[in-house]
Each structure stands twice: as C-alpha cells, then as structure tokens.
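# Summary of the model geometry
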Amino acid sequence: MRRLLALAALSLGLALAQSSGALSIRFLDVGQGDAVLVTSPEGKSLLYDGGRSEPVLQALLRQYGVKSLDLVAASHADADHITGLIPAINLYKPRFFLNNGIAGTTQTWGKLVTAAQKAGTQGLVARDQVINLGSVKITVLPPPPGLPKNEQNLNSIGLLVQYGSFRALMTGDSETAETAAWLKKYPASFLGPVDVYKSIHHGAKNGDNLAWLNAVRPRNVVVSVGPNNYGHPTAEALALYRQVGATTYRTDQQGTVTVVVQPGGRFAITTERGTPVPANRATTPATPAPVGPSVTTPAPPSYRTCAEARAAGAAPLRRGQPGYNPATDRDGDGVACE
Amino acid sequence: MTSEPPEPMLTGRLTVDALEGHLARVEREDGSLQDWPLTSLPRGVREGDVLRWHVEGRHLTFEIDLEGTRERRQAAQAQLDALNGAVPAGEINL
C-alpha cells in the first residue's frame, strides 16, 4: 500500500510539474554553485544563474525538457554562478540577459558576454523594474547604490518571484552590507514573508544574518551547495534558518529541489532524494509544503578526469560518494582529486 | 666541456575569480577553476586581479599584473556596456 501511495504521489508530482496553470521553480543540483530555473504556467522560462559547469547545466536543461529560455540572469559575475549560462545562451538564444552592469575579468565572463552578443540577446542592467514572465511577476532588486563596485558579491542582483499569494526570493551571494542597504530601502512587508528562499552564498558566514532573515521571514530555505573547500554551508547559517523556523533543503543532500505553485499560491516542494531538515516548529507554516518522493532520478555523475570533477565543483571526491572514480584516486587513499 | 642548458622558465597567468575566506578561487588559462590559499598569493590581491606566475628551477613566484588587470577590466566593461546599450523602458512582458 505504501508503495502504491508513493507511486501515486510521484505521478501527482509529475502531473503538477507539467500541468498548465502551475509555476515551477527548480533549484538545480549543479554542485557548488547556484542555478534556478523558473517556468511560468505559460511556458515562459527564466534561468537565474547557471552553476560552474557548462556540461552539467546543459544536461540538466535537457533532463528537465527545457524548450526555450526567455530571460537569463547572472546574480553577479562569479564563475560558480555564470558558467552554465554560456550553453544556456548558446542553445536557447534568450531575449534578455539581466546583469549587475559590472563586468568580470575572467575568461568565463568574456565567453558569456560574447555568447550573448552572438545570440542577439539584449543586455539588461538591473534596476527597479518588474519583468512579467507570463503571469508570474518578477521584481528585480538591483544592487543598492554606494557599495564598492569592485566586489561582485556586494552587487548581487535579487529577484522576488510572485504568483498569486506565493512568494520566493533569491539574492545571489549578497553580503551583510548589501542586505542592510536593502533593509533600509524596502519595507518589511515587501521583503517578507516568503514561502521559498534561496540561502545567500551557499550558506556562507557573511551572507544571511538575523536582521535580514527577520524581515524576509522564510518558511522554506534551499541551500544550493556541493562539495567545497570553503566550509559552505556554515553551522551558523544553518542555525539561523532553524532560528527563524524555516525548513531547510540542501541540493548536496536532496538533489534538485522543485517547487510547484498552483494558481492562487498553494505549493508543494519535492526533492530528488532524501528528506529536508525539519523546521524548528515554533509556529506552523501557513502553507504546508508536503515533501514527496523523487520526481526524477538522474544518472550518477561520472568524471573521467579530475579536471572534469573540478569543473563540476565535485572535487575532492571520497570513496562512496557519487562520481568517485578509483582512476582519479592516484594515491589510493580513498580521496580522489585532492 | 659542455655547459648544461639553462632550465626552461615556465610562465603563465591566472585570474582571481573570487575570494572565499582564506582561499582564492582562480581561473587558469584553460578556463578551469582552482582554490589557492590566499597566503600563497601576493599580499593585497583582489577579486578580478590578473596574476602572472613564473616557475624557475624549483621556485614558483606570483605577481599582480596591474596593467593586464586594467586592460582586461576596461575591455570587459566596454563589451558589457555595449551589450546593455538599448534598455527598454517600463515593465517588460515576456
């Protein structure tokens, strides 16, 4: 019986994701990096960041059956956010490329802008602006003025996604100076509460902070993170999410996290695998987010060389982890691509 | 008597993609990313800097390529500004 119920839930999840009238937001499992795919009920699509690997992002877009992209956005110019935007632009030739107006100096950045030029994609500098993705309202949170232009994180672009009563917020790798400036600029009623929130900077220490989260009031937090050397997500960030009563999802543990929002704002969250970290249930969320079984099961990653593993943000790989390859563990100590 | 040929000197460039705590994420010339301890790089290195490295014998040294950084930044900004040139007014409907 349990198996039948699981199958029914899986079918329901697929049906919800594919039915017209629903908004889907996928926090893609791109390893260490960010990539969020938003598809409106009308089939209009937005890709907010693209992770740090071209082949990984390309495979995910194919896996999720993306037919077109109307808008791509780089929260800022760091490689773990923009690399996957290159094939996205080459393949789908989106109409617009939203950016913070501050060029990066890496070859990756140059490749991205060149791809946009060749595709005929119009650049859009972030400003106070609304972009309607079909019936889904996207409000741009541009970097506040006065922040140093030589620091990309501090100039991350935020996006507020609204559909009926549903609200989701994503703010790149913002740091405290940027969130503090946004707190001054926007009323609390604009910032929160949000049903789904993308953790800032993969749960880094200098991203989310209590003052900001008390305004945003996230009910569910998705941490987009993979194996990394930076200590992401930090225990402090995870404790903050618990403190504000949010249920936490992690792409390194649950894979791609999908939110399907029905007209009016009711939503469900499904994950590829695993279970989320339950919220500290001091208060009951107004909109319960049922967690279903996996909707899709991607093939485990395979890296022939350490260069591939690093490009995917997966190195180092320990024995037992998906993608571990003894051929790349030269000293045989159980850790490949150290 | 033949003198030994001089050891070849290897050189190359790295670009600092981001600083992450005590690490710098750098982009190599082949486009791949690596994490380097910040302490192994020149003092005062900043996000976006282009670094020159040299290997001579057993010694690896780095220096910030100020001119290379400036040129790269100016060219990239001009390219982006051109792309962002025609901004549509008001709400955008997709």
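Computed from a prediction, not measured in an experiment: that's the story for all the values here.

### Quick word on the interface of chain A and chain B
At the interface, 46 residues of chain A touch 33 residues of chain B. The contact between chain A and chain B buries some 3,400 Å² in all, and 49% of this surface belongs to carbon and sulfur atoms. Ranking the residues of chain A by area buried against chain B places Thr 105, Gln 107 and Tyr 230 of chain A at the top, with a combined share of 20%. Linking chain A with chain B are two salt bridges. Remark: the boundary between chain A and chain B carries 30 residue pairs in polar contact (both at pLDDT 80 or more). Broken down by secondary-structure element, the contributors of at least two residues to the side of chain A that touches chain B are helix H3 (79–82), strand S5 (96–99), helix H5 (107–119), strand S6 (122–125) and strand S7 (129–133) of chain A. Sort the elements by how many residues they give to the side of chain A that touches chain B and H5 of chain A lands first, with eight residues. Here S7 of chain A runs beside strand S6 (residues 92–93) of chain B; their pairing, made up of two bridges, is parallel.

### Some thoughts on the UniProt feature "domain: Metallo-beta-lactamase" (unreviewed entry) in chain A
What UniProt calls "domain: Metallo-beta-lactamase" (unreviewed entry) maps, in this numbering, to residues 32–201 of chain A. Within the segment residues 32–201 of chain A, helix and strand shares are 29% and 27% respectively, and the terminal C-alpha atoms sit 10 Å apart.

### Things to note about the packing of helix H2 (residues 54–63) of chain A against helix H4 (residues 85–92) of chain A
Residues and elements named next belong to chain A. It is the contact of H2 with H4, at a shortest axis distance of 8 Å, that shows an interaxial angle of 50 degrees. Judged by the inter-axis angle, H2 sits oblique to H4. Only Ile 86, Pro 87, Ala 88, Leu 91 and Tyr 92 of H4 make contact with H2, whose side of the interface consists of Glu 54, Leu 57, Gln 58 and Leu 61. Taken together, the residues of the contact of H2 with H4 break down into seven nonpolar, one polar and one charged.

### Comments concerning the pairing of S6 of chain A
All names here are of chain A. Bridging between S5 and S6 involves four bridges; their strand directions are parallel. If you follow Phe 97 over to S6, its bridge partner there is Gly 123. The β-α-β motif built from S5, the intervening H5 and the parallel element S6 has right-handed crossover chirality.

### Description of the environment of Lys 118 of chain A
Residue and element names in this part refer to chain A. Relative to the assigned elements, Lys 118 resides in helix H5. The class for Lys 118 is exposed, based on a relative accessible area of 72%. The spacing of Lys 118 and Lys 93 is 25 residues in sequence and 8.8 Å in space, taken between C-alpha atoms.

### Section: empty space enclosed by the protein
Scanning the entire structure with this criterion turns up three cavities of 30 Å³ or more. Of the residues contributing to the lining of the largest cavity, the split by class is four nonpolar, six polar and six charged.

### A look at the sheet that holds strand S2 (residues 23–27) of chain B
Residues and elements named next belong to chain B. Strand order in this open sheet of five strands is S3-S2-S1-S4-S5, and the pairing throughout is antiparallel. At either margin of the open sheet sits one strand with a lone partner, and together these are strand S3 (33–37) and strand S5 (59–64). On average, adjacent strands in this sheet sit at an angle of 40 degrees to one another, irrespective of strand direction. As paired elements, strand S1 (residues 10–20) and strand S4 (residues 50–56) share six bridges and run antiparallel to each other. From the neighbouring strand, Thr 11 faces S4, where its bridge partner is His 54.

### Here's the deal with the packing of aromatic side chains
Residue and element names in this part refer to chain A. On inspection of all chains with the given rule, the structure shows five aromatic pairs over all chains. Between the aromatic rings of Phe 97 and Trp 109, the centroid separation amounts to 6.2 Å while the plane-to-plane angle is 50 degrees, which identifies the pairing as tilted. Of the two residues, Phe 97 sits in strand S5 while Trp 109 sits in helix H5, which places them 12 residues apart along the sequence. Residue classification places Phe 97 among the buried residues on the basis of a relative accessible area of 0%.

### Re the pattern of salt bridges
Residue and element names in this part refer to chain A. Under the defined criterion, the tally for this structure stands at 15 salt bridges over all chains. We note a salt bridge from Arg 250 to Asp 252, for which the minimum N-O separation is 2.7 Å. Accessibility expressed as a relative area gives 15% for Arg 250, which makes it buried. A salt bridge links Arg 273 to Glu 272; the shortest N-O distance between them is 3.6 Å. Residue Arg 273 is classed as partly exposed on the basis of its relative accessible area of 37%.

### With respect to the side chain of His 202 of chain A
All names here are of chain A. You can see His 202 is positioned in the loop between strand S11 (194–198) and helix H8 (210–216). Among the polar contacts made by the side chain of His 202, one reaches the side chain of Asp 80 at a distance of 3.2 Å. With residues up to four places along the chain from it excluded, the contact list for His 202 reads Gln 32, Gly 33, Asp 34, Asp 80, His 81, Asp 173, Val 223, Ser 224, Val 225, His 232 and Pro 233.

### Points about H2 of chain A
Residues lying three or four places apart along an α-helix face the same way, a consequence of the helix completing one turn every 3.6 residues. Residues and elements named next belong to chain A. All of the buried residues along H2 are Leu 57, Leu 60 and Leu 61. Along the axis of H2, the buried residues cluster in a sector spanning 100 degrees; they form a single face. Away from the buried face of H2 by more than 90 degrees, exposed residues Pro 55 and Arg 62 are located. Directly after H2, the chain includes Gly 65, whose backbone phi takes a positive value near 65 degrees.

Reading guide: rules and limits
- Residues numbered from 1 in each chain as written.
- Chains lettered and ligands numbered in written order.
- Predicted model: local features only at pLDDT ≥ 70, side-chain atom pairs only at ≥ 80, totals over all residues.
- Heavy atoms only, no water.
- Contact = heavy atoms within 4.5 Å.
- Buried area = accessible area lost by both parts, 1.4 Å probe.
- Salt bridge = Lys/Arg side-chain N within 4 Å of Asp/Glu carboxyl O.
- Polar contact = N/O pair within 3.5 Å; in protein donor to acceptor, adjacent residues only side chain to side chain.
- Helix = DSSP H or I, 4+ residues; strand = E, 2+ residues; numbered from the N terminus.
- Pairing = 2+ DSSP bridges.
- UniProt positions renumbered as here; feature names shortened; annotations may be inferred.
- Axes fitted to C-alpha atoms, helices over the stretch in contact; angles between N-to-C directions.
- Parallel < 35°, antiparallel > 145°, perpendicular 65-115°, else oblique.
- Nonpolar A, V, L, I, M, F, W, Y, C, P; charged D, E, K, R; others polar.
- Right-handed = clockwise from strand over helix to strand, strands pointing away.
- Buried < 20%, exposed > 50% of the residue type's maximum accessible area, 1.4 Å probe, protein only.
- 1 Å grid on protein atoms, 1.4 Å probe; cavity = no way out; pocket = protein on both sides within 12 Å on 5 of 7 lines; lining within 4 Å.
- Points joined across faces, edges and corners; volume = space filled by probe spheres on them.
- Phe/Tyr/Trp six-rings, centres within 6.5 Å; stacked < 30°, edge-to-face > 60°.
- Arc of directions from axis to C-beta.

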